[in-house]
Amino acid sequence: MDSNGVDMKLVEGTAGYVLEDVPHLSDYIHDLPTYPNPLQSNAAYSVVRQYFVHEDDTVMEKIVVHKDSPRGTHFRRAGPRQKVYFKPADVRACIVTCGGLCPGLNTVIREIVCGLHFMYGVTEVIGVDCGFRGFYSKNTVTLTPKVVSDIHKRGGTILGTSRGGHDTSKIVDNIQDREINQVYIIGGDGTQKGASAIYKEIRRRGLKVAVAGIPKTIDNDIPVIDKSFGFDTAVEEAQRAINAAHVEATSVENGIGLVKLMGRYSGFIAMYATLASRDVDCCLIPESPFYLEGKGGLYEFIEKHLRENGHMVIVIAEGAGQDLVAESIEQQDASGNKLLKDVGLWMSLKIREHFAKQRKMEITLKYIDPTYMIRAIPANASDNVYSTLLAQSAVHGAMAGYTGFISGLVNGRHTYIPLNRITEKQNKVVITDRMWARMLSSTNQPSFMNPPQGTTEATE
Ligand SMILES: Nc1ncnc2c1ncn2[C@@H]1O[C@H](COP(=O)(O)OP(=O)(O)OP(=O)(O)O)[C@@H](O)[C@H]1O
Ligand SMILES: O=P(O)(O)OC[C@H]1O[C@](O)(CO)[C@@H](O)[C@@H]1O
Ligand SMILES: [Mg+2]
C-alpha cells in the first residue's frame, strides 16, 4: 500500500529491478475486448519501423549507478501499443484544466484533440469549462481539430481554469451521465491529487473509463519527472524582467534592481533564471532560509556589493522569506494552498528603510514584479514540442487501456507514472545538491547558513 491507501502495482525482476507499473482497465474489468491499433494503417506512421512500444520497455528512474547497485525503480515506457482497448467510434473523451496558468496548456489541449482525431479516428472530444467544478456547474464545449487549430499560439487555457470545487462523487456522476470514457486532466500537484481521487472512484464503480493526467506546474514542483512543460518558457520570460532590473540598477548610483518571480514552495524558476542571466547577484528561494541583519546577512552583502560594484540585482521567489514577513492571519486559496505575503514589496521597503536609517549610503531601488507575465504567455518552441509529446503519450496510454497515470519525461524518455507516485511529495531545490552550488558560485552571495543569534526572527 502507498501512503494514500492505494495498492501499488510493483513488478520485480532480477538484480533488484522494480517496475512501478500503472493501473490498467483490465485490472478490474475482466474480458475486455481489444482492437488492432488504427495507427497500423495510418499513412504517416505505417512506414515507421518499430513504431509500437514493446510490452517490456521500461525506463530507469535513476541512471547514475555503481557497479553493484540494484537496478532499481523503472517506469513503463510511453507510446502506442499494438492493441487498443477502445474502438475509436466508442470513445467519448473530455479534457479539463485546473490550477494556475502555465505556458503550453493550450498546446496540450490541442494535441490531445488532434492526437485522438488524426492518430485514432476519435471524433467525440469535449472540453470541461473552468476546472473540476465545470464537470457539474458549467457547460462543456465541443473540441474538434478545427476549433483548436491555432490555440497553441495563445497563452492561458481556452477551457478556463479554477482552484477549489473538487467534489469527487459529483464529478464521477457527471462522467457517467455524459458517458465519457477517457478523462484527460491537466494540472499541478493539487489537480493530480484530484485526478487520483477520480480514478479511485471510477475504479470503485467498476467503470470502463481511463484517467490520464498531464502534469502542469510552472513551479516545476512535481517530483519524478525531468521538468514540467512551460517551465523553460517562464524562465526565458523572466530574463526580460531581470534585464530591465539590471538596466535600471546600472543606470544610477548604488542602484538595486529587485525582481520577484513565481515559486510558492519551490525556487526552480528563480534559480534557473538567475543561472541563465548572470546579471543576478543574489537569488533567494523558499528552500534556503536567509536573514537580513548582522554578519553574513543580506544587508551586509548588499552594502559590500554596492561599494565594490556600484549596483546589484536581487531575484526573490515569492515563497522565500515568508517567515520573516510578519503578519498574523494565515490565509488560504480555494484549493487550500497557503496565500503568500508579498515578500518582494516587503523586501523593497525593508532595504530602502535600512539604508535610509543607516545614512551611510544612498540607494535607488526599483522593484519589478513580473509574476503573471511569465506564465500568461504562449509556450516557446521547445515547450510546444514537449507539450505535444506529453499529450500524444497520454492519448496512446488511454487508448491502450492504461488509467490512473500521468505522462511524464524521465531521463529524457516519455513514460507512464502512477498518479500516486507524483502526489506523495513535492519537487524542491535541494540546497545540498550541485545545482544550487553552481548557482551560488555564479552570484557569490552568502550561504546565510550561520545567522548571528537573535537575527533570524521576524523584524517587525
Ligand atoms: N487533495 C486533493 N484532493 C482532491 N482535489 C484536490 C486536492 N488538492 C487540490 N485539489 C483540486 O485540484 C484543483 C487544482 O488544485 P490547485 O489549485 O492546488 O492547483 P494545482 O493543480 O496544484 O496547480 P498549481 O499549484 O501549479 O497552480 C482544484 O480544483 C482543487 O480543488
Ligand atoms: O494567483 P494564482 O492564480 O492563485 O496563482 C499563484 C500561484 O500559482 C503558481 O504559479 C503555481 O501555479 C504559484 O507559483 C503561485 O503562487
Ligand atoms: Mg500546486
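Residues numbered from 1 in each chain as written. Chains lettered and ligands numbered in written order. Predicted model: local features only at pLDDT ≥ 70, side-chain atom pairs only at ≥ 80, totals over all residues. Heavy atoms only, no water.

- For the protein chain, an unreviewed UniProt entry supplies the name ATP-dependent 6-phosphofructokinase and the organism Arabis alpina.
- According to the UniProt record, the Function (unreviewed entry) comment for the protein chain reads "Catalyzes the phosphorylation of D-fructose 6-phosphate to fructose 1,6-bisphosphate by ATP, the first committing step of glycolysis."
- UniProt, in the comment section headed Sequence similarities (unreviewed entry), describes the protein chain in these words: "Belongs to the phosphofructokinase type A (PFKA) family. PPi-dependent PFK group II subfamily. Atypical ATP-dependent clade 'X' sub-subfamily." (UniProt positions renumbered as here; feature names shortened; annotations may be inferred.)

## Considering the overall build of the protein chain
- A tally of regular secondary structure across the protein chain gives 12 helices and 17 strands.
- Its C-alpha radius of gyration of 24 Å places the protein chain within 12% of the 23 Å reference for a compact globule of 460 residues.
- Along the longest, intermediate and shortest principal axes, the C-alpha atoms of the protein chain span 80 × 55 × 45 Å.
- The buried share of the protein chain, taken over its 460 residues, is 55%.
- Considering only contacts within the protein chain whose residues lie at least 6 apart along the sequence, 78% involve residues at least 24 apart.
- Side chains of the protein chain carry 50 positive and 52 negative charges; the gap between the two charge centres is 3 Å. (Helix = DSSP H or I, 4+ residues; strand = E, 2+ residues; numbered from the N terminus. Rg over C-alpha atoms; globule rule 2.2 N^0.38 Å. Buried < 20%, exposed > 50% of the residue type's maximum accessible area, 1.4 Å probe, protein only. Contact = heavy atoms within 4.5 Å. Lys, Arg positive; Asp, Glu negative; His and termini not counted. Charge placed at Lys NZ, Arg CZ, Asp CG, Glu CD.)

## Describing the site of ligand 1
- Surrounding ligand 1, one finds 19 residues, the nearest of these being Gly100, Gly164, Asp189, Thr191 and Ser335.
- At 2.7 Å from an oxygen atom of ligand 1 is found a main-chain nitrogen or oxygen belonging to glycine 164.
- Glycine 188 is positioned with one of its backbone polar atoms (N or O) 2.9 Å from an oxygen atom of ligand 1.
- Within the complex, the protein chains bury 83% of what would otherwise be the 620 Å² of accessible surface of ligand 1.
- It is helix α5 (residues 189-204) that provides the largest number of residues to the shell around ligand 1, a total of five residues.
- Partitioned by chemical class, the residues of the shell around ligand 1 number two nonpolar, 12 polar and five charged.
- A domain-level breakdown of the shell around ligand 1 finds at least three residues from each of domain 1 (9-228 + 381-422) and domain 2 (231-327 + 334-376). (Near = heavy atom within 4 Å. Polar contact = N/O pair within 3.5 Å; in protein donor to acceptor, adjacent residues only side chain to side chain. Areas by Shrake-Rupley, 256 points an atom, 1.4 Å probe, with all protein chains shown as cover. Nonpolar A, V, L, I, M, F, W, Y, C, P; charged D, E, K, R; others polar. Domains from an automatic or database assignment.)

## A word on the sheet that holds strand β13 (residues 282-284)
- What the four strands build is an open sheet, ordered β13-β14-β12-β15; its pairing is parallel. Taken across any chain shown, the strands that pair with only one partner, and hence form the sheet edges, are β13 and β15 (364-368). Strand-to-strand, the axes of this sheet are offset by a mean angle of 15°, without reference to chain direction.
- Judged from the five bridges that link them, strand β12 (residues 255-261) and β15 form a sheet pairing that is parallel. If you follow glycine 257 over to β15, its bridge partner there is lysine 366. (Pairing = 2+ DSSP bridges. Axes fitted to C-alpha atoms, helices over the stretch in contact; angles between N-to-C directions.)

## Looking at the nonpolar core
- The biggest cluster of nonpolar side chains holds 105 residues, and the ones touching the most others in it are Ile95, Ile112 and Tyr184.
- Two domains each provide a minimum of three residues to this core, namely domain 1 (9-228 + 381-422) and domain 2 (231-327 + 334-376).
- What isoleucine 112 contacts, discounting residues up to four positions off in sequence, is Ile95, Tyr184, Ile186, Ile214, Ala391 and Val395.
- With 27 residues, the next largest nonpolar core counts Ile256, Cys282, Leu306 and Met312 among its residues. (Core = buried A, V, L, I, M, F, W, Y, C linked by side-chain atoms within 4.5 Å.)

## Brief notes about the UniProt feature "binding site: Mg(2+)" (unreviewed entry) in the protein chain
- UniProt marks Asp189 with the feature "binding site: Mg(2+)" (unreviewed entry), using the numbering shown here.
- Along the chain, aspartate 189 falls in helix α5.
- With residues up to four places along the chain from it excluded, the contact list for aspartate 189 reads Asp221, Ile222, Thr423 and Gln426.

## Some details on the pattern of salt bridges
- For the structure shown, the criterion picks out 20 salt bridges.
- A salt bridge links arginine 204 to glutamate 201; the shortest N-O distance between them is 2.8 Å. With arginine 204 and glutamate 201 both in helix α5 and three residues apart, the pair spans about one turn of that helix.
- Overall, arginine 204 belongs to the exposed group, its relative accessible area being 63%.
- Here the salt bridges share partners, and the residues they tie into one network are Asp173, Glu201, Arg204 and Arg205. (Salt bridge = Lys/Arg side-chain N within 4 Å of Asp/Glu carboxyl O.)

## Quick word on the site of ligand 2
- Neighbouring ligand 2 are Arg163, Lys216, Ile218, Asp219, Met262, Gly263, Arg264, Glu318, Tyr372 and Arg375.
- Contacts to ligand 2 include arginine 375, whose side-chain N or O atom sits 2.8 Å from an oxygen atom.
- Against a free-state accessible area of 400 Å², the protein chains account for coverage of 79% of ligand 2.
- Formed jointly, the shell around ligand 2 draws a minimum of three residues from each of two domains, domain 1 (9-228 + 381-422) and domain 2 (231-327 + 334-376).

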